[in-house]
Amino acid sequence: MKIATWNVNSLNVRAPQVLEWLNAEAVDVLCVQETKIEDHKFPYDEFTNIGYQAVHLGQKTYNGVAIISKHPIEEVQFDIPNLEDIQKRVVAATICGIRIICVYIPNGQSVGSDKYLYKLQWLQALTAYLEQQLKQYPKLALLGDYNIAPEDRDVYDPERWQGSVLVSEPERVAFRQLQALGLHDSFRLFEQPEKLYSWWDYRMVAFRRNLGLRIDHILISSALVPAAKASWIDRAPRKLERPSDHTPVVLELDIG
DNA sequence: ATGGCATAGCGTCTATGA
């Protein structure tokens, strides 16, 4: 079973690439972020036509998350309960006995800004939510755009990025608090080459120069770790015409 | 070199992203 996450930066623009990629890679479950569309405009038919079903929580212009699955989607939950938030950033569901939680964690804009404080508070609420979810669902995967590069090796130039948003210590502490719940960065369960990233700025010819960050992650609960067989970042979609600035991250699970 | 790009929206510019 392959599960994956991809910030598509507008599903209106990227739907053809997503459909093509699902077909080519035979992915079972894909979590997408930044759909930037309202629910009634989500292209459900295009996915059902190729054998997938989808649940979506979206809004105009910003945010928007979806889970697209080959297998039945059950126990769907939108948003973080007990968090007042008009931004559409979370959808959760149970698929093949695994709790799949798709998140678009706030960007934070710049350290000390209102958006940065919102990000840190949001992460606290997410952690509390996950603590609850883990009690209910021991087999859990948290997939999404975290907007956090957890370690310096996830940053192309750590000195230049030191202390700035996406890498600042409070954000990394929040990431480690998620890990402290018993969640594991599945990408790092496996031997990986250096300088692998999931996002590159559209500017500065950043992709060709590999000036990137690893900010899209698949965290899995301890109960799922034995099932994890491989994890990789698929750079191919980032090379297409009109790409998203993010590229998919994939985890292969053997769930018997 | 803090920018250069991309997306959406009552839009010829602004807000946002990371």
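Per an unreviewed UniProt entry, chain A goes by Exodeoxyribonuclease III and derives from Alkanindiges illinoisensis. We quote the UniProt Sequence similarities (unreviewed entry) comment for chain A here in full: "Belongs to the DNA repair enzymes AP/ExoA family."

1. Considerations on the nonpolar core
Soluble globular proteins tend to pack their nonpolar side chains together in the buried interior. Ile3, Ile67 and Ile100 are the most contacted members of the largest nonpolar core, which totals 28 residues. When residues of this core are assigned to their parent elements, the largest contribution, four residues, is made by strand 7 (residues 98-104). With 22 residues, the next largest nonpolar core counts Trp122, Tyr146, Ala174 and Leu178 among its residues.

2. Let's talk about the sheet that holds strand 14 (residues 249-253)
The mixed open sheet is built from six strands, whose spatial order is 3-4-2-1-14-13. Strands with a single pairing partner mark the edges of an open sheet, and in this sheet they are strand 3 (53-57) and strand 13 (228-233). Going from strand to strand, the sheet's axes swing by 15° on average, the running direction of each strand aside. Taken together, the five bridges between strand 1 (residues 2-7) and strand 2 (residues 29-33) define a ladder with parallel strand orientation. Note that in strand 2 the partner of Ala4 across the bridge is Leu30.

3. Thoughts on the protein's contact with DNA strand B
Neighbouring DNA strand B are 24 residues, the closest being Ser10, Glu34, Thr61, Asn107 and Arg203. Backbone sugar and phosphate groups make up 69% of those atoms of DNA strand B lying within 4 Å of the protein. One nitrogen or oxygen atom from the side chain of Glu34 is found 2.8 Å from a phosphate oxygen belonging to DNA strand B. In the model, a phosphate oxygen of DNA strand B is placed 3.1 Å from a nitrogen or oxygen of the Arg242 side chain. Looking at which element gives the most residues to the surface near DNA strand B, the answer is helix 1 (residues 11-25), with three residues. By residue class, the composition of the surface near DNA strand B is eight nonpolar, eight polar and eight charged.

4. A word on the pattern of salt bridges
A full pass over the atoms with the stated rule returns eight salt bridges. Its salt-bridge partner being Arg214, residue Asp185 comes within 2.7 Å of it at the nearest N-O pair. One end of the pair, Asp185, is in strand 9 (residues 183-185); the other, Arg214, is in the loop between strand 11 (212-213) and strand 12 (216-221), and 29 residues separate them in sequence. The residues Asp185 and Arg214 share a single accessibility class, namely buried. Salt-bridge contacts for Arg203 lead to Asp201; the nearest nitrogen and oxygen are separated by 3.0 Å. A relative accessible area of 59% means that Arg203 is categorised as exposed. A relative accessible area of 13% places Asp201 in the buried class. When salt bridges with common partners are traced through the structure, they connect Asp154, Asp185, Arg188 and Arg214 into a single cluster.

5. Describing helix 5 (residues 169-180)
Side chains of residues three or four places apart in an α-helix project in the same direction, reflecting 3.6 residues per turn. Between its first and last C-alpha, helix 5 extends 16 Å over twelve residues, near the 16 Å set by a 1.5 Å rise per residue. Listed as buried for helix 5 are Glu171, Arg172, Ala174, Phe175 and Leu178. One side of helix 5 holds all its buried residues, which, seen down the axis, span an arc of 155°. For helix 5, the elements touching its buried residues are helix 3 (114-136), strand 8 (140-145), strand 9 and strand 12. Count one or two residues on from helix 5 and you reach Gly182, which has phi positive near 100°.

Parameters and conventions
Residues numbered from 1 in each chain as written. Chains lettered and ligands numbered in written order. Predicted model: local features only at pLDDT ≥ 70, side-chain atom pairs only at ≥ 80, totals over all residues. Heavy atoms only, no water. UniProt positions renumbered as here; feature names shortened; annotations may be inferred. Core = buried A, V, L, I, M, F, W, Y, C linked by side-chain atoms within 4.5 Å. Buried < 20%, exposed > 50% of the residue type's maximum accessible area, 1.4 Å probe, protein only. Helix = DSSP H or I, 4+ residues; strand = E, 2+ residues; numbered from the N terminus. Pairing = 2+ DSSP bridges. Axes fitted to C-alpha atoms, helices over the stretch in contact; angles between N-to-C directions. Near = heavy atom within 4 Å. Polar contact = N/O pair within 3.5 Å; in protein donor to acceptor, adjacent residues only side chain to side chain. Nonpolar A, V, L, I, M, F, W, Y, C, P; charged D, E, K, R; others polar. Salt bridge = Lys/Arg side-chain N within 4 Å of Asp/Glu carboxyl O. Expected span 1.5 Å × (residues − 1). Arc of directions from axis to C-beta. Contact = heavy atoms within 4.5 Å.

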